[in-house]
Amino acid sequence: MRRQTIVFAVIVFFAGLNAFSYQAPNHFLSGNAGLMGTGLRQSCYALDVAADVLPCNPAFIAKEKERHFNANLSLGNNVSYLKEATDLSQGHANEDSIKKLFTQHEDNELQTQMELGHIQETFGWSVTPALVNYSTSFHNQALPKISLYASLEEVAKLQFGSYWSDDWSYGIQLRYVHRRFVASQFYLTDALVQDGHYLFEPRQQYLFFVEPGVMFAPKDSPLNPEFTLMVGNSGFVNERFAEVPVEPEYHFTSSINPELDYGRFSLGVDVNFNRKLREGPGPLTLGGFYEFGILRLFGSLARDENGIGFGIFNTWWNMGVTHRNESFQNPLDETITISKTYFFLGIEI
């Protein structure tokens, strides 16, 4: 009995030494949430479609657009964890909420946001008063270990642009983010000791990005091709953390937009160059959409993820559903696959 106690104490000791910070999932840091952002992922930069107020790529802001105001709500599955995620990111975690984490024993993810904004030709803005991200991943059933990320963000975007000539245009996005987050990896024994609260102490960042885009769209082709170059995540951070890395991204995109007798169709590809080319979905993402009347169908495909969805955009109300499958390697090099469904509700004036 004494030997078993000693062995267990040694395990607990080294478990405490092995607790370390956890890097946030890449898609939580992309800046594109909502219905179209989650459905198209990186291919959203290649397509002239709003996600969900402004286009993902500011190079498209110069194109002719109808003037309108939007307010919308995007809800991810596992919405029951919304309070838990906000409590963690605001530093309100207690012993009961920590124990509740370890009763789940499954990988979960949540992304939910509220957004409102206005768009017109050459100009648009949007405000997200609350964007909640939450992710848990479990390892080692014998001595439960959890990777946890929870954040609460407020975001403001401003886009403007114009034409240089008939074929060339540009756009610039100014993006402000205030992020409060918790990102850690730990054992239950680490969390319940007297000073275990340090694992859940939230940190915060203030970020300001200047994200330019340029588009070349020749007018004499029946396919109406569009080529863009955009620089994302370029700007200023008041404090850097390894858990939420901020690295510039360089998006090279191309798309075709053939004229149809019925509806509107677009197919595009995004090539994303950054320091994490070997991680996540990879540098290439293919996506497209088809609109007919008030119905929009869309989808995307990348190395380790795919998505499909639909939206109904009526005169003054909008709704939609997106479903995604994603695979990734956890810290123990195990392949984890998560399926997620997002619901979207909005009004348009």
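Cut-offs applied
Residues numbered from 1 in each chain as written. Predicted model: local features only at pLDDT ≥ 70, side-chain atom pairs only at ≥ 80, totals over all residues. Heavy atoms only, no water. Helix = DSSP H or I, 4+ residues; strand = E, 2+ residues; numbered from the N terminus. Buried < 20%, exposed > 50% of the residue type's maximum accessible area, 1.4 Å probe, protein only. Contact = heavy atoms within 4.5 Å. Areas by Shrake-Rupley, 256 points an atom, 1.4 Å probe, with all protein chains shown as cover. Salt bridge = Lys/Arg side-chain N within 4 Å of Asp/Glu carboxyl O. Phe/Tyr/Trp six-rings, centres within 6.5 Å; stacked < 30°, edge-to-face > 60°. Lys NZ or Arg CZ within 6 Å of the ring centre and 35° of its normal. Lys, Arg positive; Asp, Glu negative; His and termini not counted. Polar contact = N/O pair within 3.5 Å; in protein donor to acceptor, adjacent residues only side chain to side chain. Pairing = 2+ DSSP bridges. Core = buried A, V, L, I, M, F, W, Y, C linked by side-chain atoms within 4.5 Å. 1 Å grid on protein atoms, 1.4 Å probe; cavity = no way out; pocket = protein on both sides within 12 Å on 5 of 7 lines; lining within 4 Å. Points joined across faces, edges and corners; volume = space filled by probe spheres on them. Nonpolar A, V, L, I, M, F, W, Y, C, P; charged D, E, K, R; others polar.

Q: Explain the overall build of the protein here, please?
A: Helix and strand counts for the protein come out as five helices and 15 strands. Burial statistics for the protein: of 349 residues in total, 50% are counted as buried. The contacts in the protein between residues at least 6 apart in sequence include a share of 63% that link residues at least 24 apart. A total accessible area of about 16,600 Å² is found for the protein, and carbon and sulfur atoms account for 61% of it.

Q: I tried to follow the pattern of salt bridges on my own but got confused; where do I start?
A: Any two side chains of opposite charge can pair, on the condition that their charged atoms come close. All chains considered together, the criterion is met by 16 salt bridges. Notably, a salt bridge pairs Glu153 with Arg179, separated by 2.8 Å at the nearest N-O pair. A residue pair is termed long-range when its members are at least 10 positions apart, and Glu153 in strand β4 (residues 145-163) and Arg179 in strand β5 (residues 168-187) qualify at 26 residues. Take Arg179: its relative accessible area is 6%, and that puts it in the buried class. Between Arg175 and Glu211 there is a salt bridge; the shortest N-O distance is 2.8 Å. Of the two residues, Arg175 is situated in strand β5 and Glu211 in strand β6 (residues 203-216); the sequence distance between them amounts to 36 residues.

Q: I'm lost on the packing of aromatic side chains in this one. Help?
A: Both the distance between ring centres and the angle between the ring planes are used here to describe each pair of aromatic rings. The final tally for this structure, using the stated rule, is seven aromatic pairs. Ring geometry for Phe28 against Tyr149: centres 5.9 Å apart, planes inclined by 25 degrees, an arrangement best described as stacked. In this pair, Phe28 sits in the loop between α1 (2-18) and α2 (34-40) while Tyr149 sits in strand β4, placing the two residues 121 residues apart along the sequence. Judged by its relative accessible area of 3%, Phe28 falls in the buried class. Residue classification places Tyr149 among the buried residues on the basis of a relative accessible area of 0%. Ring geometry for Phe181 and Phe241: centres 5.4 Å apart, planes at 70 degrees, overall edge-to-face. You can see Phe181 sitting in strand β5 and its partner Phe241 sitting in the loop between β8 (235-237) and β9 (249-256), a full 60 residues away along the chain. Exposure class is identical for Phe181 and Phe241. Each is buried. Put simply, the rings of Phe28, Tyr149, Phe181 and Phe241 pair up and form one aromatic cluster. Lying over the aromatic face of Phe313, Arg296 brings its terminal NZ or CZ to 4.2 Å of the ring centre.

Q: Help me out: how do you make sense of helix α3 (residues 82-89) in this one?
A: The α-helix advances 3.6 residues per turn, and as a result positions three or four apart in sequence lie on the same side. Taken together, the buried positions of α3 are occupied by Glu84, Ala85, Thr86, Leu88 and Ser89. Trailing α3 by a residue or two, Gly91 shows a phi angle of about 80 degrees, which is positive.

Q: I keep staring at the side chain of Asp52 and nothing clicks. Help me out?
A: The residue Asp52 is located in the loop between α2 and β1 (68-76) in this model. Buried within the structure, Asp52 lacks any salt-bridge partner; its nearest side chain of opposite charge belongs to Arg296, at an N-O separation of 6.1 Å. A polar atom in the side chain of Asp52 sits 2.8 Å from the backbone nitrogen of Leu35. Side-chain polar atoms of Asp52 contact the backbone nitrogen of Met36, separated by 3.2 Å. Apart from the residues within four sequence positions on either side, Asp52 is in contact with Ala33, Gly34, Leu35, Met36, Asn72, Ser74, Gln113, Glu115 and Phe344.

Q: How should the pairing of strand β11 (residues 284-292) be read in this particular structure?
A: Put simply, side chains in a regular strand alternate between the two faces of the sheet. Here eight bridges tie strand β10 (residues 264-273) to β11, and the two strands are oriented antiparallel to one another. Residue pairing across strands places Arg264 opposite Glu291, the latter belonging to β11. Pairing analysis gives seven bridges linking β11 to strand β12 (residues 295-301), with the strands arranged antiparallel. When the bridges of β12 are listed, Glu291 appears paired with Arg296. As consecutive antiparallel partners, β11 and β12 are separated by two residues, and within that stretch Gly293 has a phi angle of approximately 65 degrees, a positive value.

Q: When you look at the nonpolar core in this model, what are you seeing that I'm missing?
A: A general tendency of soluble globular proteins is for nonpolar side chains to be buried together. Core analysis: the largest hydrophobic core is formed by 16 residues, its most contacted members being Leu88, Tyr134, Leu148, Phe186 and Phe200. Elements with a contribution of two residues or more to this core: α3, β3 (123-139), β4 and β5. Counting residues in each nonpolar core, the second largest holds 12 residues, with Cys44, Val49, Cys56 and Phe298 among its members.

Q: How should I be thinking about empty space enclosed by the protein in this particular structure?
A: Space left empty within the atom packing is revealed by a probe, the size of a water molecule, rolled over the atoms. Applying the stated criterion across every chain yields a total of six cavities of 30 Å³ or more. Here the largest cavity defines a volume of roughly 180 Å³. As for the largest cavity, its lining consists of 19 residues, of which Gly31, Asn32, Ala33, Leu131 and Val155 are closest to the centre. Secondary structure elements with two or more residues in the lining of the largest cavity: β2 (108-120), β3, β4 and β5. Of the residues that constitute the lining of the largest cavity, the class distribution is seven nonpolar, seven polar and five charged. Space inside the second largest cavity adds up to approximately 70 Å³. Ser30, Tyr45, Arg175, Glu211 and Met230 are the residues nearest the centre of the second largest cavity, which is lined by 13 residues in total.

Q: Explain the side chain of His68 here, please?
A: The topology assignment puts His68 in strand β1. Setting aside chain neighbours within four positions, we find His68 in contact with Gly117, His118, Ile119, Glu348 and Ile349.

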